[in-house]
Amino acid sequence: MAKEWYIIQVFTGYEQKVEGTLNRMLANGEIDNNVLISVKNPTEVVLVEDKNKKAKEKKQNILPAYLMLEMDLPQLGWKDTCTKIRRIQGVSGFCMTKPTERPRPISAAEARNIFEHVGDLKPGKKYHASFNVGDHVTVINGTFKNFEGVVETINEEKEKLGVVVQIFGRLTQVDISYEDVEKI
């Protein structure tokens, strides 16, 4: 099981009410907090003019009529949790799935873009994998700074490399961000 982000559709104007209900259910133990980790209603602050032509800050939903749920859905027993969520007043269902199907998560890149937009994440440099398995690299930042190793795996979604380095005379694979290594 892995934590992933899912989107549920709610009635317009019910975003805060459904978010509150889900958080209450988590607090009361009605939904397992190992399955539903967090509920997000992404908002941003915008400037609007009031009737006196003065600028005023207002919170605005980034995804009107949608909420984001961070979940670690088990292979068995996912229906129970999803049914509880679907039965909340104001919830239409999980996006991109039928009620009888296991919900599909959004990609990590989509979630990252949403959180960067609302400011929960600082936009990072976009590194394109110019690495190949077997490349010799030097670690330039972090715990393994100045270590040399060989690229064993590439995870483009997380922008990390699995690099085999020698630690205390033993070969060990460590995950390192693209930005923390350079080719030799």
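In this numbering scheme, every chain counts its residues from 1 along its sequence in written order. A pLDDT threshold of at least 70 governs which residues receive local features in this predicted model, and a stricter bar of 80 or more applies before side-chain atom pairs are shown or counted, although totals over entire chains, interfaces and linings include all residues. Side-chain measures were taken over the full set of non-hydrogen atoms in the model, leaving aside hydrogen atoms and water.

Novice: Is there a simple way to explain the state of the cysteines in this structure?
Specialist: Linking two cysteines covalently via their sulfur atoms produces the bond known as a disulfide. Cysteine sulfur atoms that come within 2.5 Å of each other are treated as a disulfide pair. Scanning the entire structure with this criterion turns up zero disulfides. This cysteine, cysteine 82, is not joined by any disulfide, and cysteine 95 carries the nearest cysteine sulfur, 13 Å off. A relative accessible area of 17% places cysteine 95 in the buried class. Accessibility here uses a 1.4 Å probe with only protein chains present; expressed as a share of the type maximum, an area under 20% marks a residue as buried, one over 50% as exposed, and anything in between as partly exposed.

Novice: Whenever I open this one, the pairing of strand β1 (residues 4-10) confuses me. Can you help?
Specialist: As a general feature of sheets, a regular strand has side chains that alternate between the two faces. Every helix listed is a DSSP run of H or I at least four residues long, and every strand listed is a run of E at least two residues long, numbered separately from the N terminus. Counting buried positions along β1 yields five of seven residues, so the element is predominantly enclosed. At least two bridges found by DSSP between two strands is the condition for calling them paired. Pairing geometry for β1 and strand β5 (residues 66-71), over six bridges, is antiparallel. Across the sheet, isoleucine 8 pairs through a bridge with leucine 67, a residue of β5. Pairing between β1 and strand β6 (residues 91-94): three bridges, direction antiparallel. Bridging from a neighbouring strand, glutamine 9 pairs with glycine 93 of β6.

Novice: Would you mind showing me how to read unusual backbone geometry here?
Specialist: What you tend to see is this: most non-glycine residues have negative phi, and most peptide bonds are trans. Even without a glycine there, the phi angle at alanine 65 is positive, about 75°. According to the relative accessible area criterion, alanine 65 is buried, its value standing at 9%. The phi dihedral of methionine 96 falls on the positive side, at around 70°, and the residue is not glycine. Note that methionine 96 resides in the loop between β6 and α3 (108-118).

Novice: Got a minute to help me understand the side chain of serine 38 in this structure?
Specialist: Looking at the element boundaries, serine 38 is found in strand β2 (residues 36-40). Not counting chain neighbours up to four residues away, the residues in contact with serine 38 comprise Trp5, Met68, Leu69 and Glu70. In what follows, a contact means two residues having at least one pair of non-hydrogen atoms within 4.5 Å.

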